[in-house]
Structure formats: C-alpha cells, structure tokens
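Residues per chain, in single letters:
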Amino acid sequence: MKNLLSLLIVFTLIPLAGLAQDGSVEKARGGKFALTNAKIYTVTNGVIENGTIIINNGVIEAVGANVNIPSDAEVFDYNGREIYPGMIDSGTQLGLNEIGSIDEAQDYREFGNVTPQMQALTAVNPNSVAIPVTRVSGVTTALTLPSGGVLPGTAATINLFGYTPDQMFAGSKGVVMNFPSSARRRRQTQQQAEEARKRALETINETWDRAELYAKVQDSPDARYYPEMEALAEVVNGEMLLYIEVDAAKDILSAIEWVEDRGYEKVVFMGVSEGWRVAEELAESGIPVIAGPVLSTPTRGSDNYDAAYANPGVMQKAGVKVALRSSDTENSRNLPYNAGFAAAYGMGREEALKAITINAAEIMGVGDQLGSIEVGKKANLFVATGDPFQTSTDIVDVFIDGYLIPMTSRQLRLYDEFLNRTPGVQKNAERTDG
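Engineer: So what about the overall build of the protein? Which residues, and what values?
Structural biologist: Across its full length, the protein carries 13 helices and 18 strands. In terms of overall dimensions, the protein is globule-like: its C-alpha atoms have a radius of gyration of 23 Å, near the 22 Å expected for 434 residues. Projected onto its principal axes, the C-alpha positions of the protein cover 75 × 65 × 50 Å. Taking all contacts inside the protein whose residues are at least 6 apart in sequence as the whole, residues at least 24 apart take part in 68%. Surface summary for the protein: the accessible area is close to 20,500 Å², and the carbon and sulfur share equals 46%. In the protein, 37 positive and 55 negative side-chain charges are present, and the distance between their average locations comes to 5 Å.

Structural data, given as structure tokens:
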C-alpha cells in the first residue's frame, strides 16, 4: 500500500466529479429526493408498481405505492422506468489498480508472503478513473481485494463515491487467504506441484497456530505488538471475515476440512470455479461463496462449454448462498452481464439479482445497510430503462449514500467527443503529387 501518494499526485487533475461536455464540473449533490412513478424492484419485498421512494439524509425514508411526497423534496418523475438496489461487485481491485503497465499505478500487493495486516482501504484512490466508469453502470459498491502471497492483506467493502477512503468505506473488512492449489504450473511435474502445495499448507497451518496462540495471550500486559498476528486474531476471535480463494474441486474439499478443523465461523470461499462439482458438500458445510467471473472458460478441456456460466446456478440450487464478482477492475462495469449469464444458465433472474445485491451484502456483513430497497437502508440505487442484465438497457440515474451521482465518466466523454468529429476525415481531399 505504498503508492497512494504517487497515485494522488498522478490523478490530482482528474476530478472526482465529472466534466460536462462544455467543460464545467458536474458534482454529486445530496438533498431530499422523491423518485416517483417507477417500477421498484426491492429484492427483499417484491416489486412495487408505480411506486415512490423518498431519500433524505442519505437513507431511504419511505418506499411504497402510496407514499406522501414531502413539499420540500425534489421530485423525479421516472414515467414507468425501473429502480433497483445498487449492484455490489464482490471481487475487484477498484481503487488499487489503475494502469497495468505502470508500477506506480498499482497498489494491491505488498512484499512478503504473510501480510494480513496490510489494509486495502488505506490504498484506495477515490479519484480512480475506473470508479466513475463502473458506477454509471449501476454498480454502487465493491469489495476491493489485495493479492499475492498466502495472506496478502485485508480487503474492504467500499461505496463508489467519496473524497477519501474513509468516506467510501461501507463497513466491512475481511482477511484474504489463498488456499494452496493442487494445480500443476507450467514446467512443474505433478510430484513437484504436490510438494509445493504441501509446503504452502504447512506455512498456513504454522501461521494460524501462532495466531490462535496470540489470540489467547494478546490481552496480557507482557504480550508484544505483533501486527500480523493482531490481524489474524480478529478472525480467530470471530470478529473478522476470512475470505479464502479456492477453485479446484479437490482444493475446495480440502478447504472445507481445514475450516472445520480450525472451527472458524465467519468464512467465505471466493472463486470456486469448480464449485459445481462439489455443490452438495459446499451446501452441507454452510460456507457462503463469492463465485466468478462467470464470463469465463471451463477449467478443464473435457468440461462443457457452459461450465463457468452454470456454476453459480448449480451451487445455488444445491443450497449454497451465492454472490457474484467480476474479478475485474476496469471492466467491473460488466458485473450485470456476469449475472445475466448466470441467470440464463440455470440460476434464474431473481436469484442472479440477489447474488449481486442482498446476498453480497449479507455475506459481507452489511445486509442491514445495503443490498435492497428498504426503509432505513442507505440510498444506494439506480434507475434503468429496463432489465439491467440486458446490454440494450440504459442506466438513467445513480444514487450512492443518497447523493445523485453525475452520469459521466472518461469513456462517456470520449464517446461524446468522437461520435461526431468536426472536422471529419476528408476522404475526397485533392491529392498533390510531389
């Protein structure tokens, strides 16, 4: 998390707010809003036809078909358009990764194999160009993740609006662990792969043994400050989520056994690309999963072409609680299309919508604040011309923490700039031979 200052310097001239076509700055604005004459998909309490939502002080103050509109509210008549809870991408590096080819623009990885104390939130760049690109697509919240090593750091859930990381923090963190993979790497024999996996598992077990011992003595006056163990002790004590990245079926079964042996309760599996092979065992374990990316290829050449598309639906029907992730940064905006493929390949539209709203919020422990349109929850929502899983649908307005967000981004500005070029290309210009 060392490059925050560099990122801030690089992007000082890129405003958090958007630039209008005339060059003026469009800023997000709060207030008391009445969103009326809309079809409201609450996710948790059905669909409200011709409904109204009152937003005040950043939260949803009222929602229903017969809501009185306060005289001091700014009214938005949406004329039958659809309102949904803001989508939640449960696995990105938004704010941590800007330009892949420039080291100074990446801040998601620290030196060392065991660095659980490193906080992704402190490295989030609120002025990241990818954030406006994502939020104008209806994605209002994301889990941003460190990577690399066995225990690369602590992930954070962020809302995609704010001038500082603290303003963006959505109230949930979790230690990330990469479970040892049985997959054979290039130029590795199967025996070498198995030995590498065994060594990685030994490292994990030795680290967690120390963490459990530290958790027992950390309140002792003689205990010295040990940041790595301090971070892991919160997991041991059930105060912090543990996100375990695991994909192959064999490794998922080993990870279930590892969690049961350790007795940790707040555990989430991530990736789980072969979860469909062991869906019954996952359901029996009671461990929720964050699956994805759905827009992916099968893990084995012998699998059906649609294995990745169908994976979330198979697990959900087996009884596993499923959220979805894009596993992307600049294309986190494609989250609704990941969900659309999951819906089309067995999950169904209603469950796919839950997977990117209320399920995601509940898995991260913020279901009382986010993930549905209910009175008292944060006003994170978006207005669309139709089904957000369809590429033909336009997102009309986005609200985050009750703020009306400028519907602009770098890509939209480029689109507007080059859609009708003046002067255009002179295809019939007179040629002059030298």
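After that view, the rundown keeps rolling.
Engineer: Explain a negative patch on the surface residue by residue, including any values.
Structural biologist: A contiguous patch of negative charge on the surface is contributed by Glu 257, Glu 260, Asp 261, Glu 280, Glu 281 and Glu 284. Among the secondary structure elements, those contributing two or more residues to the negative patch are α7 (249–262) and α8 (279–285). Of note, Glu 281 is situated in helix α8.

Engineer: Give a description of empty space enclosed by the protein that names residues and reports values.
Structural biologist: The full count for this structure, using the stated rule, is 2 cavities of 30 Å³ or more. Its boundaries defined by the atoms lining it, the largest cavity holds a volume of some 40 Å³. If you trace the largest cavity, you find it lined by Gly 86, Ile 88, Thr 140, Thr 141, Leu 370, Gly 371, Ser 372, Lys 378 and Asn 380. Along the lines of polarity and charge, the residues of the lining of the largest cavity split into 2 nonpolar, 6 polar and 1 charged.

Engineer: Let's hear about the pairing of strand β9 (residues 139–144): which residues, and what values?
Structural biologist: Along β9, 6 of the 6 residues are buried, which leaves the element largely enclosed by surrounding structure. Of the strand pairs in this sheet, strand β8 (residues 87–92) and β9 are connected by 4 bridges, and their pairing is parallel. Looking across to β9, one finds that Ile 88 is bridged to Thr 141. Two elements, β9 and strand β10 (residues 153–159), share 4 bridges in a ladder whose sense is antiparallel. Its bridge partner being in β10, Leu 143 is matched across the sheet by Thr 157.

Engineer: Give a description of the nonpolar core that names residues and reports values.
Structural biologist: Within the largest apolar cluster, 77 residues are counted, with the highest numbers of intra-cluster contacts made by Trp 208, Leu 242, Ile 244, Trp 258 and Phe 269. With 6 residues, the top contributor of residues to this core is α7. Residues in contact with Leu 242, not counting those within four places in the same chain, are Val 175, Met 177, Trp 208, Val 235, Trp 258, Tyr 264, Lys 266, Val 267 and Val 268. Formed by 18 residues, the second largest nonpolar core is a distinct cluster that contains Leu 145, Ala 323, Ile 363 and Leu 370.

What counts, and at which threshold
- Residues numbered from 1 in each chain as written.
- Predicted model: local features only at pLDDT ≥ 70, side-chain atom pairs only at ≥ 80, totals over all residues.
- Heavy atoms only, no water.
- Helix = DSSP H or I, 4+ residues; strand = E, 2+ residues; numbered from the N terminus.
- Rg over C-alpha atoms; globule rule 2.2 N^0.38 Å.
- Contact = heavy atoms within 4.5 Å.
- Areas by Shrake-Rupley, 256 points an atom, 1.4 Å probe, with all protein chains shown as cover.
- Lys, Arg positive; Asp, Glu negative; His and termini not counted.
- Charge placed at Lys NZ, Arg CZ, Asp CG, Glu CD.
- Patch = residues over 30% accessible without salt bridge, like charges linked within 9 Å, V, L, I, M, F, W, Y side chains within 5 Å.
- Salt bridge = Lys/Arg side-chain N within 4 Å of Asp/Glu carboxyl O.
- 1 Å grid on protein atoms, 1.4 Å probe; cavity = no way out; pocket = protein on both sides within 12 Å on 5 of 7 lines; lining within 4 Å.
- Points joined across faces, edges and corners; volume = space filled by probe spheres on them.
- Nonpolar A, V, L, I, M, F, W, Y, C, P; charged D, E, K, R; others polar.
- Buried < 20%, exposed > 50% of the residue type's maximum accessible area, 1.4 Å probe, protein only.
- Pairing = 2+ DSSP bridges.
- Core = buried A, V, L, I, M, F, W, Y, C linked by side-chain atoms within 4.5 Å.

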